[in-house]
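Each chain, written out:
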Amino acid sequence: MYKQGKYQIVSKKNLAKGIFDVEILCPEIAELAQPGQFAQVAAEGFFLRRPISICDIDKAKGTIRLVFEIRGKGTEKLADLCKGQLIDIIAPLGKGFKVLEGRKIVCVGGGIGVPPMVGIAKAYGENAVAISGFRNMAAVILQDDLQAAGGKAILCTDDGSAGRKGFVTDALTEQIAADKPDIIVACGPMVMLKNVAKIAEANGIECQVSLEQRMACGVGACLVCACRTVRDGKEIHSHVCKDGPVFDSKEVVFE
Amino acid sequence: MNRLNVNFCGVDFKNPIVPASGTYGYGREYECLYPLSTLGGISVKGTTLHRREGNPAPRVAETPSGMLNSVGLQNGGVDKFLSYELPNLVTKDTRIIANIAGSTIEECAELAAKLKGSAVDMIELNISCPNVKQGGAAFGTDCTIAGQVTKAVKDNSDKPVMVKLSPNVTSITDIAKSVEANGADAVSLINTLLGMRIDINTGRPVLRNNVGGLSGPAVFPVAVRMVWQVANAVNIPVCGMGGVSTWEDAIEIMMAGASLVQVGAAIFADPYAPVKIIDGMQKFCEDNGINNISEIVGTVKPW
């Protein structure tokens with residue numbers, strides 16, 4: 001179940017260089033949305049919509065937040081939108097993360113993969129540990145949100161200019177040793193997802209990863225957003241928009 | 001009063017708007033927005049004899065006013081279509097066009113035979129998919145083979161057979177005449193135009209398949225021209241498609257000679273596009289005193 005419409009932007013923030021946070025008033029979409037799902041966003045003058053993960057959902061306020069990075073001319077156009085203007089979205093789309101009542105989660109985000117961790121960390125509240133990694137201090141986003149989500153937030157940067165120096169996978173290994181979670185979720189570069197999945201498997205922990213692919217329809221009709229997965233021991237092409245974007249890490253072929 | 005009902009190859013459509021094959025799946029993904037009964041029909045995802053996984057990703061690239069795709073006919077195979085998709089579709093009160101594609105003439109014939117006696121209203125024989133190595137466009141770019149495939153499908157079918165033509169040919173009218181001579185009940189055109197995009201930072205094509213089919217508003221004028229030429233060259237009805245995005249486009253392609261219209265890539269930009277087109281056409285008829293939309297087919301007055 002999803003909706004398409006033009007909805008009002010109620011706030012817009014510039015979080016870091018080229019990264020924007022747009023809060024949209026869309027009660028019918030907020031009501032349906034689950035952490036890990038995404039929106040297909042129309043950029044004026046461009047033929048295809050841009051898939052952007054839902055960062056946070058506020059059902060009481062009737063809003064969702066989309067945090068995106070300027071990747072090209074289309075997202076540059078989206079970054080021009082201002083508070084009060086309308087944004088054309090199709091949402092919520094795809095399958096989100098599992099929410100296991102009363103269980104412990106570690107959420108791992110890398111770079112522009114961090115935004116969907118806000119929503120899922122919130123859903124687990126104090127049972128969530130959020131580990132986020134960035135290149136350097138200038139790229140760091142959403143730390144207040146991750147801390148406010150209820151649990152612990154661990155910040156890593158590649159160069160140590162903010163938080164601890166090193167990769168999210170190091171922090172993840174330490175966190176597992178200190179307090180083993182029931183589930184790990186991750187979003188970020190493919191190589192990070194592959195390593196998170198390896199760590200989860202070695203520790204016998206369930207793991208879900210959120211994937212990315214170029215899309216057209218966003219709803220599962222056109223089949224362009226193929227990704228390689230394994231079902232019943234056979235490699236097949238699944239589709240990020242409908243079968244995902246969240247997949248069980250054991251299903252994903254990481255190349 | 002519904003002014004949009006049309007008869008195409010003996011099949012009654014409540015309106016001439018049909019989502020194009022490959023852009024609408026089997027309708028399941030759009031049902032939460034509006035009932036499928038709003039549509040004249042659905043041309044379902046290209047169906048092959050056996051399940052196909054399609055081409056590796058990326059399979060899509062944006063272009064000015066359009067897109068390239070290289071899906072490569074990923075589908076669950078004809079048996080799954082008959083056992084899983086068709087029983088659902090028949091309950092939706094819309095016409096069902098089965099789009100079929102084979103890698104050999106024999107496969108096309110077998111596909112047609114499998115659909116015999118089924119609830120499918122029409123067959124759309126795809127001889128123009130640019131994204132598969134065997135069959136596909138190889139059939140659609142050769143007059144003799146195009147005719148042979150058409151005949152093989154007709155001989156094995158109890159449905160009206162519409163042949164979907166490729167624009168990637170020297171003379172689309174010659175192909176149209178050949179399939180007509182071999183028994184085609186209608187032709188549909190245009191399939192996508194073969195295109196390519198390159199990422200200048202990596203030097204690599206954007207599509208993993210290197211090349212893919214161009215669709216969207218960018219191809220609309222090509223579609224109008226080809227529909228007009230083909231409609232004037234054959235005596236069988238023409239289903240027009242290629243970049244139709246608005247009701248004005250639908251009227252235009254009908255004036256060029258199309259009696260049925262398929263809407264494809266426009267649905268990705270606006271999933272309500274088919275519904276808006278239907279509403280706009282109905283209003284156009286009312287405003288212009290047109291009792292039935294069929295009256296405008298082929299009415300262009302060329303200079």
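Rules used throughout
Residues numbered from 1 in each chain as written. Chains lettered and ligands numbered in written order. Predicted model: local features only at pLDDT ≥ 70, side-chain atom pairs only at ≥ 80, totals over all residues. Helix = DSSP H or I, 4+ residues; strand = E, 2+ residues; numbered from the N terminus. Rg over C-alpha atoms; globule rule 2.2 N^0.38 Å. Buried ≥ 20, exposed ≤ 12 C-beta atoms within 10 Å, placed from the backbone. Contact = placed C-beta atoms within 7 Å. Pairing = 2+ DSSP bridges. Axes fitted to C-alpha atoms, helices over the stretch in contact; angles between N-to-C directions. Right-handed = clockwise from strand over helix to strand, strands pointing away. Core = buried A, V, L, I, M, F, W, Y, C linked by C-beta atoms within 7 Å. Domains from an automatic or database assignment. Nonpolar A, V, L, I, M, F, W, Y, C, P; charged D, E, K, R; others polar. UniProt positions renumbered as here; feature names shortened; annotations may be inferred. Left-handed = near helix turned anticlockwise from the far one by under 90°.

**Focus on the overall build of chain B**
Regarding its fold elements, chain B presents nine helices and 16 strands. Taking 303 residues into account, the globule formula puts the C-alpha radius of gyration at 19 Å, and chain B, at 18 Å, falls close to it. Buried residues in chain B amount to 59% of all 303 residues. When contacts within chain B are restricted to residue pairs at least 6 apart in sequence, long-range pairs at least 24 apart make up 72% of them.

**Points about the sheet that holds strand β8 (residues 122-126) of chain B**
Residues and elements named next belong to chain B. On the basis of which strands lie adjacent, the open sheet formed by eight strands has the order β3-β16-β15-β10-β9-β8-β7-β4 and parallel pairing. What marks the edges here is a single partner per strand, and that holds for β3 (17-19) and β4 (41-43). Across this sheet, the average inter-strand angle for adjacent strands is 25°, counted without regard to direction. Relative to strand β16 (residues 260-263), β3 runs parallel, the two sharing three bridges. Within β16, the residue paired with Val18 across the bridge is Gln262. On top of the sheet, helix α6 (residues 220-233) reaches β10 (186-189) and β15 (238-240); it is set at about 175° to β15, its chief contact.

**With respect to the pairing of β8(B)**
Residue and element names in this part refer to chain B. For β8, the buried fraction is high: five of the five residues fall into the buried class. Side chains Met122, Glu124 and Asn126 project from β8 onto one buried face, and the interleaved Ile123 and Leu125 project onto a second face that is buried too. Inspection of the sheet shows strand β7 (residues 95-100) paired to β8 by four bridges, in the parallel sense. Residue pairing for β8: Ile100 is matched across the bridge by Leu125. With respect to chirality, the unit in which β7 leads through helix α2 (residues 105-115) into the neighbouring parallel β8 is right-handed. Where β8 meets strand β9 (residues 161-164), four bridges bridge the pair, whose relative direction is parallel. Considered in β9, the bridge of Asn126 is made with Lys164.

**Looking at the nonpolar core**
Val187(B) and Val227(B) are the most contacted members of the largest nonpolar core, which has 188 residues in total. When residues are assigned to domains, this core turns out to be shared by domain 1 (3-93) and domain 2 (105-210) of chain A, each giving three or more. Ignoring anything within four residues of it in the chain, the contact list for Val227(B) reads Leu189(B), Val238(B), Gly240(B), Ile253(B), Ala256(B), Gly257(B) and Ala258(B).

**Section: the domain arrangement of chain A**
All names here are of chain A. Considered domain by domain, chain A is made up of domain 1 (3-93) and domain 2 (105-210). Computed from C-alpha coordinates alone, the two centres of domain 1 and domain 2 are separated by 23 Å. Opposite the 13 residues of domain 1 that make contact, domain 2 presents 15 residues. Only β1 (3-16), β4 (50-58) and β5 (63-69) provide two or more residues apiece to the side of domain 1 that touches domain 2. If one sorts the elements of the side of domain 1 that touches domain 2 by residue count, β4 sits on top with five residues. Considering only residue class, the side of domain 1 that touches domain 2 consists of eight nonpolar, two polar and three charged.

**Concerning the UniProt feature "active site" (unreviewed entry) in chain B**
All names here are of chain B. UniProt records the feature "active site" (unreviewed entry) at Cys129, using the numbering of this structure. For Cys129, the position within the fold is in the loop between β8 and α3 (137-140). Since 26 C-beta atoms lie within 10 Å of it, Cys129 is described here as buried.

**Topic: the interface of chain A and chain B**
Interfaces are often sized by the amount of accessible area the parts lose when they come together. Taken together, the 22 residues of chain A in the interface contact 26 residues of chain B. Contributions of two or more residues to the side of chain A that touches chain B are made by β13 (226-231) and β14 (234-239) of chain A. Across the side of chain A that touches chain B, the residue classes break down as 17 nonpolar, four polar and one charged.

**Let's talk about the packing of helix α7 (residues 247-256) of chain B against helix α9 (residues 273-287) of chain B**
Residue and element names in this part refer to chain B. One can describe the packing of α7 onto α9 by two numbers: an axis separation of 8 Å at closest approach and a directional angle of 65°. In the packing of α7 onto α9, the handedness of the crossing is right-handed. Of α9, the residues touching α7 (which contributes Trp247, Ala250 and Ile251) are Lys276, Ile277, Gly280, Met281 and Phe284. The class makeup of the residues in the contact of α7 with α9 is six nonpolar, one polar and one charged.

**Things to note about the packing of helix α4 (residues 143-155) of chain B against helix α5 (residues 172-181) of chain B**
Residue and element names in this part refer to chain B. Viewed as axis vectors pointing N to C, α4 and α5 meet at an angle of 30°, and their least axial separation amounts to 8 Å. The two elements α4 and α5 cross, and the hand of that crossing is right-handed. Contacts between α4 and α5 involve Cys143, Ala146, Gly147 and Thr150 on the former and, on the latter, Asp174, Ile175, Ser178, Val179 and Ala181. For the contact of α4 with α5, a count of residues per class yields five nonpolar, three polar and one charged.

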